[in-house]
Amino acid sequence: MSHPMLPSLARRALNYVLLSWIALIFIFPIVFMIVSSLKPDLQLLQDASSLRAFLPVGDISLDNYRAAFERVPIGHFILNSVMVTGITMVLSLAVCSMAAFAFVFLEFPGRNLMMAVVLATFIVPFESIAIPLLLVVNNLPWIGAAGLTLGWLNSYHVQIIPFVSDALTIYLFVQYFRDLPRDLVEAARVDGASYFQIYRRVILPLAGPVFATAAILKFLAMYNQYLWPVMSAQSEDYRPIMVGLQYFFQLNIAWGEMMAYLTVITVPVLLFYLSLQRAFIASIASTGVKG
C-alpha cells in the first residue's frame, strides 16, 4: 500500500526539477557572457561550439575589462544612463500614477475616449515616430544655464521628457487602481479630503507593488535605449551606456572586450531588480486589494 504523501512529494520534486531547468536556460546567456569576458577572442570563438564556452578554463584574465575601459568612457556613460533613467523613472511614476488616478476615480467628459487614445499609442512602433519626434524636439525652445536656446539635441532633457509618460505605465496603474476598494475614496471625500490628498494618503500607501513593477519596466526600457540616444545625442558628453556598444564594431570586432563591457553594464540592472524583487513578485502574485 503506497503512502498518500508520495504522489505529492513526486509532483513537488518534478516541479523543482522543471523550474531548475528553466532557470538554467535563462542563466546560461549570463554565464556565457561573464565567462567569455575573461577569455581572449581566439579562445572565445574556439570554445563557443562546446561546453567550454560556459566554463572559466584556458587563458583566463581581466585584460578584456582593462581594454574595454580604455576604449570606452564606461564610467561617464553609466553615470549618464543612471541619471537619465532615474529621473525619467521618477517623473514617469508620478505623472502616470496621477493620470491613472484621474481615469479611475474622477468623472469627466470623454474619459473613456481619452483612455482609448492613450492605449492606442501603445501599439505604435517607436521607429515610426522617431524621425518626426526628432524634427519636433529640434525646434523646441529650452531655458537653461545659457539662457533661451532653440533645439533640444545633445542634451539630457531630450532623452528624458519625451518618455516621461507612456501608455504601458498608465495601463498598469489603471488596472491596479481599479481593484482598490472605492469605499476608501468615497469615505475620504466625505471627510473633506481633496483628490490630491486621497491620492497621496489613501492610494499611494496601497500601491507599493504596482509602483515596483512599473519602476522595473521603466528602468529596463530607459536603460536599454539605443535608437533615440544615437539620433538625439551625437555628443559623447550626453550619450548613455548602450550607445557605447558601437565603439566595439570597428574593423575587427573585439568580442572579448564587448563581453566585458556587457558584463559591466548589466550590474546596475541586476542591483536595481534585486532591490525591488519582493515588491515585484508581490505585484505579479496578487490580483489587487479586494474590498
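Given the structure is predicted, the values throughout are model-derived calculations rather than measurements.

1. Structural notes on the overall build of the protein chain
- Summing up its helical and strand segments, the protein chain has 14 helices and two strands in all.
- For 291 residues, the compact-globule estimate of 2.2 N^0.38 gives 19 Å, and the C-alpha radius of gyration of the protein chain, at 24 Å, exceeds that figure by more than 25%.
- Its C-alpha atoms give the protein chain principal-axis dimensions of roughly 85 × 70 × 30 Å.
- Here the protein chain holds 291 residues, and the buried ones make up 36% of them.
- Put simply, 70% of the contacts in the protein chain that link residues at least 6 apart link residues at least 24 apart.
- Counting only carbon and sulfur atoms, one obtains 70% of the accessible surface of the protein chain, whose full area is about 17,000 Å².
- The protein chain carries 16 positive and 15 negative side-chain charges, and their two centres are separated by 10 Å.

2. Quick word on the nonpolar core
- Grouped together as the largest cluster of nonpolar side chains are 52 residues, with contacts concentrated most on Ile74, Phe173, Phe177, Ile198, Ile203, Ile241 and Tyr261.
- One finds Ala130, Val137, Phe163 and Trp228 within the second-largest nonpolar core, a separate group that totals 12 residues.

3. Topic: the packing of aromatic side chains
- Counted by the stated rule, this structure contains 19 aromatic pairs.
- Between Phe101 and Phe105 the ring centres are 5.0 Å apart and the planes differ by 45°, which places this aromatic pair in the tilted class. Of this pair, Phe101 and Phe105 both sit in helix 4 (residues 74-105), separated by four residues, roughly a single helical turn.
- Classification of Phe101 by relative accessible area gives buried; the value is 5%.
- A centroid spacing of 6.4 Å and a plane angle of 35° characterise the contact between Phe105 and Phe177, whose relative ring orientation is tilted.

4. Focus on the pairing of strand 1 (residues 141-144)
- In terms of strand pairing, strand 1 meets strand 2 (residues 147-150) through four bridges, oriented antiparallel. Pairing of Gly144 across the sheet is with Gly147, part of strand 2.
- Connecting strand 1 to the next strand, strand 2, in antiparallel fashion are two residues.

5. What to know about unusual backbone geometry
- With phi around 55°, Asn154 is a residue other than glycine that occupies positive phi space.
- By secondary structure assignment, the location of Asn154 is in the loop between strand 2 and helix 7 (157-160).
- Asn154 gets classed as partly exposed once you look at its relative accessible area, which sits at 30%.

6. Remarks on the UniProt feature "transmembrane region" (unreviewed entry) in the protein chain
- Listed under "transmembrane region" (unreviewed entry) in the UniProt record, and renumbered for this structure, are residues 12-35, 82-106, 113-136, 156-177, 198-221 and 258-276.
- End C-alpha to end C-alpha, residues 156-177 measures 32 Å, and it is 68% helix and 0% strand.
- End C-alpha atoms of residues 198-221 are separated by 30 Å, and the span's content is 83% helix alongside 0% strand.

7. Digging into a nonpolar patch on the surface
- Judged by side-chain polarity, Leu119, Phe122, Ile123, Val124, Ile129, Leu168, Tyr171 and Leu217 come together as a nonpolar surface patch covering roughly 690 Å² of accessible area.
- As for its position among the elements, Ile123 is in the loop between helix 5 (111-120) and helix 6 (126-137).

8. Overview of the environment of Leu135
- For Leu135, the location among the structural elements is in helix 6.
- Separated by 18 residues in sequence, Leu135 and Leu153 have C-alpha atoms that sit 9.9 Å apart.

9. Overview of the packing of helix 11 (residues 208-223) against helix 13 (residues 255-275)
- One can describe the packing of helix 11 onto helix 13 by two numbers: an axis separation of 10 Å at closest approach and a directional angle of 170°. One element, helix 11, and the other, helix 13, form an angle in the roughly antiparallel class. Residues Ala215, Ile216, Phe219, Leu220 and Tyr223 of helix 11 touch helix 13, and the partners they reach there are Ile265, Pro268, Val269, Phe272 and Tyr273.

10. Considerations on helix 6
- For helix 6, every residue scored as buried is listed here: Ala130, Leu134 and Val137. On an axial view of helix 6, the arc spanned by its buried residues comes to 75°, and they lie on one face. Turned more than 90 degrees from where helix 6 packs its buried face, Ile131 and Leu135 sit exposed.
- Looking at the buried positions of helix 6, the neighbouring elements they touch are helix 7 and helix 12 (227-232).

Analysis parameters
Residues numbered from 1 in each chain as written. Predicted model: local features only at pLDDT ≥ 70, side-chain atom pairs only at ≥ 80, totals over all residues. Heavy atoms only, no water. Helix = DSSP H or I, 4+ residues; strand = E, 2+ residues; numbered from the N terminus. Rg over C-alpha atoms; globule rule 2.2 N^0.38 Å. Buried < 20%, exposed > 50% of the residue type's maximum accessible area, 1.4 Å probe, protein only. Contact = heavy atoms within 4.5 Å. Areas by Shrake-Rupley, 256 points an atom, 1.4 Å probe, with all protein chains shown as cover. Lys, Arg positive; Asp, Glu negative; His and termini not counted. Charge placed at Lys NZ, Arg CZ, Asp CG, Glu CD. Core = buried A, V, L, I, M, F, W, Y, C linked by side-chain atoms within 4.5 Å. Phe/Tyr/Trp six-rings, centres within 6.5 Å; stacked < 30°, edge-to-face > 60°. Pairing = 2+ DSSP bridges. UniProt positions renumbered as here; feature names shortened; annotations may be inferred. Patch = residues over 30% accessible without salt bridge, like charges linked within 9 Å, V, L, I, M, F, W, Y side chains within 5 Å. Salt bridge = Lys/Arg side-chain N within 4 Å of Asp/Glu carboxyl O. Axes fitted to C-alpha atoms, helices over the stretch in contact; angles between N-to-C directions. Parallel < 35°, antiparallel > 145°, perpendicular 65-115°, else oblique. Arc of directions from axis to C-beta.

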